[in-house]
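As a plain string of letters, each chain reads:
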Amino acid sequence: MKYLDEYRDPAQVKALLQEIKGLVTQHWVIMEICGGQTHSFLRHGLDALLPPQIELVHGPGCPVCVTPLEQIDKAIAIASRPEVIFTSYGDMLRVPGSNTDLFSVRAKGGDVRVVYSPLEAVQLAEAQPDKEVVFFAIGFETTAPANAMAVLLAQKKGVKNFSLITAQVRVPPAMEAILQAEDCRVQGFLAAGHVCAVMGFHEYLPIAETYQVPIVITGFEPVDLLHGLYATIKQLETRQTKVENQYLRAVSQQGNTAAQQSIQQAFQPVDRKWRGIGTIPQSGWDLRPEFAAFDAELKFEVQGLLTQESPLCIAGEILQGLKKTVECPAFCKECTPQTPLGAPMVSSEGACAAYYRYHR
Ligand code: SF4
């Protein structure tokens with residue numbers, strides 16, 4: 001297949017649904033890792049067409065949702081400084097910190113700008129040498145190469161007024177944390193195709209083997225998602241536990257090695273706190289010591305801030321597949337896209353935003 005509409009072809013969707021119905025004999029709990037996949041399931045109404053034995057739970061693959069509150073509060077503190085131009089992807093601006101958000105900082109006169117790439121922020125720093133330009137480097141393996149390249153470029157050009165506040169996270173350690181939890185219900189994974197396009201899938205082989213769990217690398221269109229689900233259910237029904245690649249048009253086992261090299265040059269693995277979930281060992285990337293001059297947290301000395309989550313928000317349990325958005329008592333009451341209490345109601349990849357938008 002070559003064109004996008006072929007991956008949305010109703011006849012193929014219907015045929016795959018029939019095949020899934022013919023295959024399933026019992027209840028299975030399957031997690032789609034990526035918030036983009038969650039939105040696609042709900043936007044196309046696929047979840048409602050699945051046999052009732054298939055329970056989808058939504059994973060932690062929403063970068064905005066898992067960015068720790070401490071980093072958001074630090075970003076707000078830095079963005080409030082008069083000498084700073086604070087740059088970020090648009091989604092982060094409305095994410096609530098302990099007391100406020102980046103949009104409110106902008107409304108009060110802070111220079112907070114949306115950019116589409118960290119390289120734009122480097123250009124801005126070059127153009128405004130009298131200002132400190134800071135980029136909010138959040139995200140999974142998909143955003144890490146561009147963030148790494150921005151630092152490498154700034155170093156090469158001698159741009160000293162550019163820095164990052166980092167909250168980079170990695171998928172495989174989060175999958176292991178989910179599988180290690182005593183109350184884990186997940187029996188199979190749809191892994192995120194775009195993450196694997198960058199990193200390949202060699203990291204998933206030991207996870208499938210150790211935890212005896214099927215992992216199917218899956219794309220984002222309806223035919224991709226149903227094809228990925230079919231492969232996962234087939235493994236579950238036949239008691240197989242291996243890694244399969246549904247997203248062949250984008251993913252190879254080794255991934256994008258040039259992108260991986262950029263990441264390794266600029267970042268090193270670290271233990272990382274995930275919002276609502278807690279610290280997961282080796283689940284993040286931070287700047288290597290030789291790039292400390294580009295670390296905004298060191299440059300602006302924003303340590304020791306006191307954070308406070310909304311007591312109503314159960315986002316952490318949702319992101320681990322333990323609860324559904326509709327089980328949150330604040331959903332569509334205190335918490336709406338206009339009055340978000342947690343990041344999953346803000347992000348374009350957040351499960352709560354998906355349920356709100358598609359009226360579940
Ligand atoms: S609906 Fe709002 S309060 Fe509830 S879990 Fe989602 S973001 Fe948190």
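Please refer to the structure placed before this passage.
Residues numbered from 1 in each chain as written. Predicted model: local features only at pLDDT ≥ 70, side-chain atom pairs only at ≥ 80, totals over all residues. Heavy atoms only, no water.

A. Local environment of the site of the ligand. In the vicinity of the ligand, 13 residues are found, and the nearest of them are C313, I314, C328, C335 and C352. Across the shell around the ligand, the residue classes tally to 12 nonpolar, 1 polar and no charged. (Near = heavy atom within 4 Å. Nonpolar A, V, L, I, M, F, W, Y, C, P; charged D, E, K, R; others polar.)

B. Broad picture of the state of the cysteines. Tallying each qualifying case throughout the model produces 1 disulfide. A disulfide bridge connects C62 with C65, and the sulfur atoms are separated by 2.2 Å. On the sign convention where negative means left-handed, the S-S torsion of about 70° between C62 and C65 marks this disulfide as right-handed. Since its relative accessible area comes to 1%, C62 is described here as buried. For C65, a relative accessible area of 2% translates into the label buried. Summary of cysteine pairing: C34 is not part of a disulfide, and the nearest cysteine sulfur, belonging to C62, is at 8.6 Å. Looking at C332, it has no disulfide partner, and the nearest cysteine sulfur is the one in C335, 8.4 Å off. (Disulfide = S-S within 2.5 Å. Buried < 20%, exposed > 50% of the residue type's maximum accessible area, 1.4 Å probe, protein only.)

C. Local environment of the environment of G219. Secondary-structure assignment places G219 in the loop between strand 8 (215-218) and helix 12 (222-237). You can call G219 buried: its relative accessible area is 0%. Each C-alpha atom of the pair G219 and L102 lies 32 Å from the other, and the pair is 117 residues apart in sequence. Sequence-distant contacts of G219, defined by excluding residues within four places in its chain, comprise Q37, D224, L225, Q246 and Y247. (Helix = DSSP H or I, 4+ residues; strand = E, 2+ residues; numbered from the N terminus. Contact = heavy atoms within 4.5 Å.)

D. Region of interest: the packing of aromatic side chains. Applying the stated rule across the entire model yields 4 aromatic pairs. Both rings, one in Y89 and one in F135, keep their centres 5.3 Å apart while their planes meet at 85°; by these two values the pair is edge-to-face. Here F135 lies in strand 5 (residues 132-139) and Y89 lies in the loop between strand 3 (84-88) and helix 6 (102-107), a separation of 46 residues in the sequence. Judged on exposure class, the residue Y89 and its partner F135 are both buried. The interplanar angle of 65° and the centroid separation of 5.7 Å between the aromatic rings of F140 and W274 together place this pair among those described as edge-to-face. Remark: W274 occurs in strand 10 (residues 267-274) and F140 occurs in the loop between strand 5 and helix 8 (144-157); sequence separation between them is 134 residues. This pair shows no difference in class: F140 is buried, exactly as W274 is. (Phe/Tyr/Trp six-rings, centres within 6.5 Å; stacked < 30°, edge-to-face > 60°.)

E. Structural context of the sheet that holds strand 5. Read across the sheet, 6 strands follow the order 4-3-5-6-11-10 without closing on themselves; strand pairing throughout is mixed. For this open sheet the edge positions go to strand 4 (111-114) and strand 10, each flanked by a neighbour on one side alone. Looking at each pair of strands side by side, their axes are set apart by 25° on average, direction ignored. Note that strand 6 (residues 162-169) and strand 11 (residues 278-287) share 2 bridges and pair antiparallel. By the bridge assignment for strand 11, Q168 is matched with W285. Helix-sheet contacts for helix 5 (residues 69-79) involve strand 3, strand 4, strand 5, strand 6 and strand 10, and the interaxial angle to strand 6 is about 165°. (Pairing = 2+ DSSP bridges. Axes fitted to C-alpha atoms, helices over the stretch in contact; angles between N-to-C directions.)

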